[in-house]
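Fold and contact review
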Amino acid sequence: MSNGQCEKNEPVCHFVHILFSPNTPNNPLLSVFALLCFKTLRNSVSLRLQTNADMVGKRKETTTSLEDLIENAGGCAVVDGGFATQLEKHGAAINDTLWSAVCLIKDSDLIKRVHLEYLEAGADVLVTSSYQATIPGFLSKGLSIEEGESLLKKSVTLAVEARNSFWEAVKVSPRHHRYNRALVAASIGSYGAYLADGSEYSGDYGPNVDMDKLKDFHRRRLQVLVEAGPDLLAFETIPNKLEAQACVELLEEENIHMPSWICFSSVDGENAPSGENFKECLDIINSSNKVNAVGINCAPPQLIESLICKLKQLTSKAIVVYPNSGEIWDGKAKRWLPSKCFDDDEFECFATRWRDSGAKLIGGCCRTTPSTIQAISKVLKGKSQ
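Scoring rules and cut-offs
- Residues numbered from 1 in each chain as written.
- Predicted model: local features only at pLDDT ≥ 70, side-chain atom pairs only at ≥ 80, totals over all residues.
- Heavy atoms only, no water.
- Core = buried A, V, L, I, M, F, W, Y, C linked by side-chain atoms within 4.5 Å.
- Buried < 20%, exposed > 50% of the residue type's maximum accessible area, 1.4 Å probe, protein only.
- Helix = DSSP H or I, 4+ residues; strand = E, 2+ residues; numbered from the N terminus.
- Contact = heavy atoms within 4.5 Å.
- Pairing = 2+ DSSP bridges.
- Axes fitted to C-alpha atoms, helices over the stretch in contact; angles between N-to-C directions.
- Disulfide = S-S within 2.5 Å.
- Parallel < 35°, antiparallel > 145°, perpendicular 65-115°, else oblique.
- Nonpolar A, V, L, I, M, F, W, Y, C, P; charged D, E, K, R; others polar.
- Arc of directions from axis to C-beta.
- Polar contact = N/O pair within 3.5 Å; in protein donor to acceptor, adjacent residues only side chain to side chain.
- Phe/Tyr/Trp six-rings, centres within 6.5 Å; stacked < 30°, edge-to-face > 60°.

**Focus: the nonpolar core**
The biggest cluster of nonpolar side chains holds 84 residues, and the ones touching the most others in it are L233, F235, I262, F264 and I296. The element contributing the most residues to this core is helix α9 (residues 145-170), with eleven residues. Contacts of I262, omitting those with residues within four sequence positions, involve F235, I238, A244, C247, V248, I285, V291, A293, V294 and G295. If you look at the next biggest cluster of nonpolar residues, it comprises 22 residues, including A77, V125, C365 and C366.

**Some words on unusual backbone geometry**
The bulk of non-glycine residues show a negative phi, and the bulk of peptide bonds are trans. Although it is not a glycine, C298 adopts a positive phi angle of roughly 55 degrees. Examined against the element boundaries, C298 turns out to sit in the loop between β6 (293-297) and α14 (304-314). By relative accessible area, which is 4% here, C298 ends up buried. The phi torsion at R367 lies on the positive side, around 75 degrees, for a residue other than glycine. You can see R367 is positioned in the loop between β10 (359-362) and α16 (370-381).

**Things to note about the side chain of S325**
Relative to the helices and strands, S325 is located in the loop between β7 (318-322) and β8 (328-330). Leaving out residues up to four positions away in the same chain, S325 has contacts with P301, K340, C341, F342, F347, C366, R367 and T368.

**Comments concerning the sheet that holds β7**
Pairing is parallel across the open sheet formed by eight strands, whose spatial order is β1-β10-β7-β6-β5-β4-β3-β2. Since the sheet does not close on itself, it has two edges, and those belong to β1 (77-78) and β2 (125-127), each with one partner. With three bridges connecting them, β7 and β10 associate as parallel partners. Across the sheet, residue V320 finds its bridge partner in β10, namely L361. Most of the contacts of α9 go to strand β3 (residues 183-189), to which it runs at about 160 degrees, and overall it touches β2 and β3. Contacting β4 (232-238) and β5 (260-264), helix α12 (residues 241-253) runs over the sheet at an angle of about 165 degrees to β4.

**Observations concerning the state of the cysteines**
Under the defined criterion, the tally for this structure stands at zero disulfides. This cysteine, C366, is not joined by any disulfide, and C298 carries the nearest cysteine sulfur, 3.6 Å off. Assessed through its relative accessible area of 7%, C366 is described here as buried.

**As for the packing of α14 against helix α15 (residues 344-357)**
At their nearest, the axes of α14 and α15 sit 9 Å apart, and the two run at 10 degrees to each other. Between α14 and α15, the crossing angle belongs to the class labelled roughly parallel. Contacts between α14 and α15 involve I304, E305, I308, C309 and K312 from the former and F350, R353, W354 and S357 from the latter. The residue inventory of the contact of α14 with α15, partitioned by class, reads five nonpolar, one polar and three charged.

**Thoughts on helix α13 (residues 278-286)**
Every buried residue of α13 is listed here: F278, C281, L282, I284 and I285. One face of α13 carries all of its buried residues, which in axial projection span an arc of 150 degrees. Packing partners of the buried residues in α13 comprise α12, β5, β6 and α14. Its side-chain oxygen 3.1 Å from the backbone nitrogen of K279, N277 forms the N-cap of α13.

**Some remarks on the packing of aromatic side chains**
When we look at a pair of aromatic rings, we describe it by the centre distance and by the angle of the planes. One pass over the structure, following the stated rule, counts twelve aromatic pairs. Between F166 and Y179, the ring centres sit 5.0 Å apart and the planes meet at 85 degrees, which makes this aromatic pair edge-to-face. Here the residue F166 occupies a position in helix α9, and Y179 occupies one in the loop between α9 and β3, the gap between them amounting to 13 residues. One exposure class covers both F166 and Y179, and it is buried. On the numbers, 5.8 Å between centres and 80 degrees between planes, the contact of F342 with F347 is edge-to-face. With respect to burial, F342 and F347 carry one shared label: buried. Cluster of aromatic residues (ring-pair linked, three or more members): Y191, Y194, Y205 and F217.

Now the structure itself:
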């Protein structure tokens, strides 16, 4: 869309951004109007809010299932590590409401470079750079809906291209035995991640955010990411039962046919950030055959072992954990606070304990690096890295 078209549709784009604000009261007429705006913006290109069920989630026959990957990895697969952390190490400026997703606009080559660094470190799962990439977020930057959707698809394409090129290179080399063909997980961050106010660590979305608003927020992003062809979906830092239920219901409503996991965070090692107990949250997830794994991400590593034990009592689904380094993020001040951290040696030590406690996928989140993932991969796979 040209700059002139963007300017012409600016009032509509602004309305869509306001629609998903937590301060906007729920009103069915607003949702109807939003859909009409979407159709107007797209002109002859239909938004297709109800994607054909035969196309949504269609997987290539060559796609390795999550269960097969875990088995091939010896019973515990390795997830990659902190993406924004590594982007910043390479000089990217990501102090932005889009966070790491801003590089989809400014420096997509750097995104692919970071994916390759995690593959080299031994990651079996690449998580895309779409955690904070949302259509309302892109609209707030002056982009069109088409451009926002294209960037979402690009996040998957970059990870798939990195995976494919890396695998083609190593499968004919003497290092082949050190690696598995990685899966690409499309990251779907929580509503709180879009708000960029730290509410993914509190679960407090305010009184105007209900089930319908959360599903409206997530639906089109889910559809676009699925159409881009990842191997699985990763719902990340879900802070409350309401959003977990919204994710589960969306998977059912959209008839998604690819593996997925739903990860919560935790600040106390006992409950979801909202204060709701994990049994309430997991009862919803356990009732769905669309969710293959459940777990914890971006929680302090000191809490992970007890959380794995708790989850193991509450579900028969695979457990995935990828904690942060232990540093605490101040969502209001947008900075990391000094705190007790795990170094790579501690991650190496605790990775085996997490595996032995029942985790089937282990990686890192914020402030972890490829060297962290290399340490985890080395100890879990028992191979020289």
